[in-house]
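Structural description and commentary
Chain by chain, the residues run as shown.
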Amino acid sequence: MRKKFPIVINVPHSSLLIPEGEMQFFERPRLIRELVAMTDHCCDDLFDTGHEMLVFPVSRLVCDFERFRDDADEIMSQKGMGAVYTRCSDMSLLRVIDVENKERILRTYYDRYHSYLERLVEMRLLRHGCCLIIDGHSFYESPLPYEKDQNKDRPDICIGTDAFHTPEILVEEVWDFFEKRGYSTAINAPFAGAIVPMKYYKSDERVKSIMIEINRRLYIGTDGTIKPEYQMIKNDINEAVHILERSVMS
Ligand SMILES: [Zn+2]
């Protein structure tokens, strides 16, 4: 039922899958450590609210759906972490890949799923006249060496916004909700922005977007086990998404 609502949940970093054919390019000894550090563990479940959801099918170490396709547009490419990573989160070598294979990866994963997201948004614009993308992530509890924001005092929840595509009211409602539930909440820190398909980027305000990032310390222990609070976090995310749903449909 909720799949027909003007909401698309986007979860780009939860997959742990490295397809067999891609393994040959990686520095294998570093792969497990990197998967642990960089994956938004369980976000495909935490953000499963019954709405339409796009879960990127392979690990971000294969292809990062949320970077700009062209390295010239993507600031993280200077650190070897554009759409196709070559460096680990500590800047050591992750993989060696030639131009042809990079382009193949972009075509196979990046282009295919960006067109899919664009279609999901387009269908909602046609049906409802608007669409809200909720970008679902989690982040490491202490700053990783590649990250720009090295402030050690990280919030429980980070809300990412875009000046053109994120209505102020949505930010206020989500911020209020999480604060009232006792979570420390920050806006655009340690991560900023929210995804919008290029077709609509900065040109169509019917497309709204907001990012919700969860600090992994809330639901995963340092030994990698799921904490007992997991279900509570999931329920709270569910409630936050329903607040956004009510707001966007009113
Ligand atoms: Zn993420």
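Let us look at the structure shown here. In this numbering scheme, every chain counts its residues from 1 along its sequence in written order. Two thresholds apply to this predicted model, a pLDDT of at least 70 for residue-level local features and 80 or more for giving and counting side-chain atom pairs, whereas whole-chain, interface and lining totals are computed over all residues. By convention in this description, side-chain values take in all heavy atoms of the structure and omit both hydrogens and water.

1. Quick word on the layout of surface pockets
Computed from the structure, the largest pocket encloses a volume of approximately 1,200 Å³. Along the wall of the largest pocket there are 46 residues; nearest its centre are Glu 66, Arg 67, Glu 74, Ala 192 and Gly 193. Only runs of H or I of at least four residues qualify as helices and only runs of E of at least two qualify as strands under DSSP, and these elements are numbered from the N terminus. If you list the elements that add at least two residues to the lining of the largest pocket, you get α1 (28-38), α3 (99-128), β3 (131-139) and β6 (207-215). Here the lining of the largest pocket is composed, by residue class, of 21 nonpolar, eight polar and 17 charged. Taken as a whole, the second largest pocket holds about 290 Å³ of empty space. What lines the second largest pocket is simply Val 36, Ala 37, His 41, Tyr 140, Glu 141, Arg 216, Arg 217, Ile 220, Gly 221, Thr 222 and Gly 224. In terms of residue class, the lining of the second largest pocket is built from four nonpolar, four polar and three charged. Only protein atoms enter the calculation, which uses a 1 Å grid: trapped sets of points that fit a 1.4 Å probe without letting it out are cavities, open sets showing protein on both sides within 12 Å along at least five of seven lines are pockets, and any residue with an atom within 4 Å of a point is a lining residue. Grid points are joined across faces, edges and corners, and a volume is the space filled by probe spheres set on the points. Residue polarity is assigned by list, with Asp, Glu, Lys and Arg as charged and Ala, Val, Leu, Ile, Met, Phe, Trp, Tyr, Cys and Pro as nonpolar; anything else, Gly included, falls into the polar class.

2. Details of the sheet that holds strand β2 (residues 52-55)
DSSP bridges decide pairing: two strands pair if at least two such bridges lie between them. Judged by pairing direction, the sheet is mixed, and its six strands sit side by side in the order β2-β1-β3-β6-β4-β5 without closing on themselves. The strands lining the two open edges of the sheet, one partner per strand, are β2 and β5 (185-187). Strand-to-strand twist of the sheet, defined as the mean angle between neighbouring strand axes without regard to direction, takes the value 20°. In terms of strand pairing, strand β1 (residues 7-11) meets β2 through four bridges, oriented parallel. Counterpart to Val 8 in the pairing with β2 is Glu 52. Whether two residues are in contact is decided by their heavy atoms: any pair within 4.5 Å suffices. Think of each axis as a best-fit line through the C-alpha atoms, taken over the contacting stretch in the case of a helix, with angles from 0 to 180 degrees between the N-to-C directions. α3 contacts β1, β2, β3 and β6 of the sheet and is inclined by roughly 170° relative to β2. Packed onto the sheet, helix α5 (residues 230-249) meets β1, β3 and β6 and runs at close to 165° relative to β6.

3. What about unusual backbone geometry?
In this structure, the amide linkage connecting Ala 189 to the following residue, Pro 190, adopts the cis form with an omega of 5°. Here Pro 190 is to be found in the loop between β5 and β6. Here Met 91, not a glycine, exhibits a phi torsion of approximately 80°, which is positive. Examined against the element boundaries, Met 91 turns out to sit in the loop between β2 and α3. Exposure classes here rest on a 1.4 Å probe applied to the protein chains alone. A residue is buried below 20% of its type maximum, exposed above 50%, and partly exposed in between. Given a relative accessible area of 31%, Met 91 falls into the partly exposed group. Unlike most non-glycine residues, Lys 202 shows phi in positive territory, near 60°.

4. Considering the coordination of the zinc ion
Protein-derived coordination of the zinc ion comes from His 13 (ND1), Asp 40 (OD) and His 137 (ND1), at a distance range of 2.1 Å. Shown as donors are all N, O and S atoms within 2.8 Å of a metal ion, widened to 3.2 Å for Na, K and Ca; because water is not in the atom set, sites may appear incomplete. Written as a sequence motif, the donor arrangement for the zinc ion is H-x26-D-x96-H. On the criterion of sequence distance, the pair formed by His 13 in the loop between β1 and α1 and His 137 in strand β3 is long-range, its members being 124 residues apart.

5. Description of α3
Here, expected helix span is obtained from the residue count minus one, scaled by 1.5 Å. With 30 residues, α3 should reach 44 Å at 1.5 Å per residue; the first-to-last C-alpha distance of 41 Å fits that figure. The reported bend at a residue is simply the angle between two axes, fitted to the 7 residues ending at it and to the 7 residues beginning with it. Leu 106 marks the point of greatest bend in α3, at about 35°. Within α3, the full set of buried residues consists of Asn 101, Ile 105, Leu 106, Tyr 109, Tyr 110, Tyr 113, His 114, Leu 117, Leu 120, Val 121, Arg 124 and Leu 125. Summarising the contacts, the buried residues of α3 are in contact with β1, β2, β3 and β6.

6. Focus on the nonpolar core
The criterion is simple. A nonpolar core is a set of buried Ala, Val, Leu, Ile, Met, Phe, Trp, Tyr and Cys residues joined through side-chain atoms within 4.5 Å. Counting residues in hydrophobic clusters, the biggest one holds 41 residues, and the most contacted among them are Ile 18, Leu 31, Met 38, Leu 61, Val 62 and Val 121. For this core, the secondary-structure elements that each account for two or more residues are α1, α3 and β3. Top element by residues in this core is α3. It accounts for nine residues. Setting aside residues up to four positions removed in sequence, Ile 18 forms contacts with Met 23, Phe 26, Leu 31, Leu 35, Ser 59, Leu 61 and Val 62. Ile 157, Ile 210, Ala 240 and Leu 244 belong to the second largest nonpolar core, which has 31 residues in total.

In short, the description is geometric, and any link to function would need to be established separately.
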